[in-house]
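In case you want the letters, here they are:
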Amino acid sequence: MSRRRSTPWIHRWSRLLIAAIAILGALVTGYLTVVKLTGGSAACPTSGCNQVLSSPYATVFGVPLTLFGLLAYVSMVAFALAPMAANPVEKKDLHSQLENWTWLLLFAGGTAMTVFSGYLMYLLAFEIKAVCLYCLASAFFSLSLLVLTLIGRAWEDWGQLFFTGIVVAMVALVSTLGVYATVKSPVASGGGSASTGSQTFPITTVSSSAEVALAKHLEAAGAKMYGAFWCSHCHDQKQLFGKEAFSQVNYVECADPNAPQKQAEICQKAGIQSYPSWEVNGKLVEPGVKSLEKLADLSGYTGPRNFQNSLPGL
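Remember, it's a predicted structure, so these values are computed and weren't measured experimentally.

A. View of the overall build of the protein. Secondary structure assignment for the protein yields eleven helices and six strands. Within the protein, the proportion of its 314 residues that are buried is 44%. Intrachain contacts of the protein at a sequence separation of at least 6 include 74% that bridge at least 24 residues. Of the accessible surface of the protein, which amounts to about 16,600 Å², a share of 63% is contributed by carbon and sulfur atoms.

Here is the structure:
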């Protein structure tokens with residue numbers, strides 16, 4: 001009489017492990033989504049986390065990229081736990097169908113997330129050139145999910161699985177490149193865009209006399225704003241001033257290689273690690289978007305404060 005072959009432990013626990021990792025990924029991306037939407041700074045030992053969040057790559061179709069990541073992780077949790085909703089004895093057929101379909105969805109999701117994370121790692125290393133621990137953690141989670149889907153069950157047809165993986169990976173890669181194609185070619189700057197380079201986000205808000213007066217005061221007081229042409233938070237700061245007023249601000253472009261007077265070296269000497277950063281009264285202020293009221297207080301501005309431009313949370 002032959003003994004029944006025991007089920008490997010990884011097959012018994014794979015779905016719970018996938019769900020646990022996906023929950024960790026959801027917590028990370030959920031936290032970053034809140035930070036992005038509120039315009040705050042992420043708790044991170046390096047400046048790279050906030051640098052990534054303020055880059056144009058952090059927004060897709062006007063929505064924080066981290067929100068899409070959150071939805072992807074939540075979906076993986078749902079796929080992993082779905083078969084547990086059907087009793088394997090009383091609802092054997094339903095349980096079997098859920099097992100087969102959700103494993104395929106887990107594999108497709110893990111493949112797509114790994115491809116997308118791989119592209120983001122490329123951007124991190126060669127475009128943004130920053131170290132973001134949250135990004136690295138998310139990439140590790142995505143790869144772990146893919147590995148667990150491969151070893152977490154006894155796949156019957158590896159050839160079909162490989163073909164499915166290739167198709168999903170190609171679709172994910174083409175979609176990713178298409179989404180980020182416009183980021184590689186930002187809007188050409190027009191007058192008053194306040195960028196020394198040729199590519200930036202144009203300032204669309206209008207300045208009132210109060211914004212103009214504050215900008216002139218900051219210039220006279222020697223205040224400086226350090227930023228990068230690709231930084232969305234820097235653009236938010238410019239929008240607070242408006243097109244006319246920001247043209248009066250002493251702005252130092254830290255990332256554009258075409259900027260005159262080697263402004264990148266000025267930023268390095270000033271110790272700038274995150275954008276936007278303000279230097280007021282000869283001292284660097286904590287990085288981040290500052291309300292016009294805050295800048296007025298820091299610089300000793302005594303003029304009119306009926307500022308018309310504002311941002312949520314400021």
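Back to the text.
B. Inspection of the sheet that holds strand S5 (residues 277–280) at higher detail. What the four strands build is an open sheet, ordered S4-S3-S5-S6; its pairing is mixed. Where the open sheet ends on each side, the last strands, each with one partner, are strand S4 (251–253) and strand S6 (283–284).

C. Seen up close, the nonpolar core. With 39 residues, the main nonpolar core has Ile18, Ala42, Tyr73, Cys132, Tyr134, Leu145 and Tyr180 as its most contacted residues. Elements supplying a minimum of two residues to this core: helix H1 (9–38), helix H2 (48–53), helix H3 (65–81), helix H4 (92–128) and helix H5 (133–151). Looking at which element gives the most residues to this core, the answer is H1, with nine residues. If sequence neighbours within four positions are ignored, Tyr134 has contacts with Val28, Tyr31, Leu32, Ala42, Ala43, Cys44 and Cys49. Counting 33 residues, the second-largest nonpolar core is a separate cluster that includes Phe229, Leu240, Val249 and Leu295.

D. Structural view of unusual backbone geometry. Across the junction of Tyr275 and Pro276, the peptide omega takes the value -10 degrees, indicating a cis bond. Here Pro276 lies in the loop between helix H10 (263–270) and S5. If you check the backbone angles, Asn281 has positive phi at about 55 degrees while not being a glycine. In this fold, Asn281 is placed in the loop between S5 and S6. Residue Asn281 is classed as exposed on the basis of its relative accessible area, which comes to 53%.

E. A look at the environment of Lys238. You can see Lys238 is positioned in helix H8 (residues 232–241). Taking the relative accessible area as the measure of exposure, Lys238 reaches 2% and is therefore buried. Taking C-alpha positions, Lys238 is 9.9 Å from Tyr251, a pair spaced 13 residues apart along the chain.

F. Main features of the environment of Val289. In this structure, Val289 sits in the loop between S6 and helix H11 (292–299). Since its relative accessible area comes to 14%, Val289 is described here as buried. For the pair Val289 and Cys234, spaced 55 residues apart in sequence, the C-alpha to C-alpha distance is 7.0 Å.

G. Quick look at the packing of aromatic side chains. The full count for this structure, using the stated rule, is twelve aromatic pairs. Here Tyr31 and Tyr134 contribute two aromatic rings whose centre-to-centre distance is 5.8 Å and whose plane-to-plane angle is 50 degrees, an arrangement assigned as tilted. Residue Tyr31 is found in helix H1, and its partner Tyr134 is found in helix H5; the two are separated by 103 residues along the sequence. Among the aromatic residues, ring-to-ring pairing joins Tyr57, Phe116, Tyr119, Tyr122, Phe126 and Tyr180 into one connected group.

H. Seen up close, a nonpolar patch on the surface. Together, Trp9, Trp13, Leu16, Leu17, Leu81 and Met84 make up an exposed nonpolar region whose accessible area comes to about 610 Å². Here the nonpolar patch gets four residues from one element, more than from any other, and that element is H1. As for its position among the elements, Met84 is in the loop between H3 and H4.

I. Quick peek at the confidence of the model for the protein. With 89% of its residues at a pLDDT of 70 or more, the protein has an overall mean of 87. When the criterion is pLDDT under 50, residues 185–199 qualifies, and its contacts beyond four places in sequence or with other chains add up to 33 contacts.

J. Region of the structure containing the state of the cysteines. Summed over the entire model, instances satisfying the criterion amount to two disulfides. Paired by a disulfide, Cys254 and Cys267 hold their sulfur atoms 2.0 Å apart. Of note, the bridge from Cys254 to Cys267 carries an S-S torsion of about -85 degrees and is left-handed in sense. Here Cys254 is found in the loop between S4 and H10, whereas its partner Cys267 is found in helix H10, with 13 residues between them in sequence. Of the two residues, Cys254 and Cys267, both sit in the buried class. Along the protein, the cysteines that take part in disulfide bonds pair up as 1-2, 3-4, counted in sequence order.

K. Broad picture of H4. In a regular helix each residue adds 1.5 Å, so 37 residues correspond to 54 Å; H4 covers 51 Å between its end C-alpha atoms and thus fits that length. Within two residues after H4, Lys129 carries a phi angle of roughly 55 degrees, on the positive side.

Rules and cut-offs
- Residues numbered from 1 in each chain as written.
- Predicted model: local features only at pLDDT ≥ 70, side-chain atom pairs only at ≥ 80, totals over all residues.
- Heavy atoms only, no water.
- Helix = DSSP H or I, 4+ residues; strand = E, 2+ residues; numbered from the N terminus.
- Buried < 20%, exposed > 50% of the residue type's maximum accessible area, 1.4 Å probe, protein only.
- Contact = heavy atoms within 4.5 Å.
- Areas by Shrake-Rupley, 256 points an atom, 1.4 Å probe, with all protein chains shown as cover.
- Pairing = 2+ DSSP bridges.
- Core = buried A, V, L, I, M, F, W, Y, C linked by side-chain atoms within 4.5 Å.
- Phe/Tyr/Trp six-rings, centres within 6.5 Å; stacked < 30°, edge-to-face > 60°.
- Patch = residues over 30% accessible without salt bridge, like charges linked within 9 Å, V, L, I, M, F, W, Y side chains within 5 Å.
- Salt bridge = Lys/Arg side-chain N within 4 Å of Asp/Glu carboxyl O.
- pLDDT = per-residue confidence, 0-100.
- Disulfide = S-S within 2.5 Å.
- Expected span 1.5 Å × (residues − 1).

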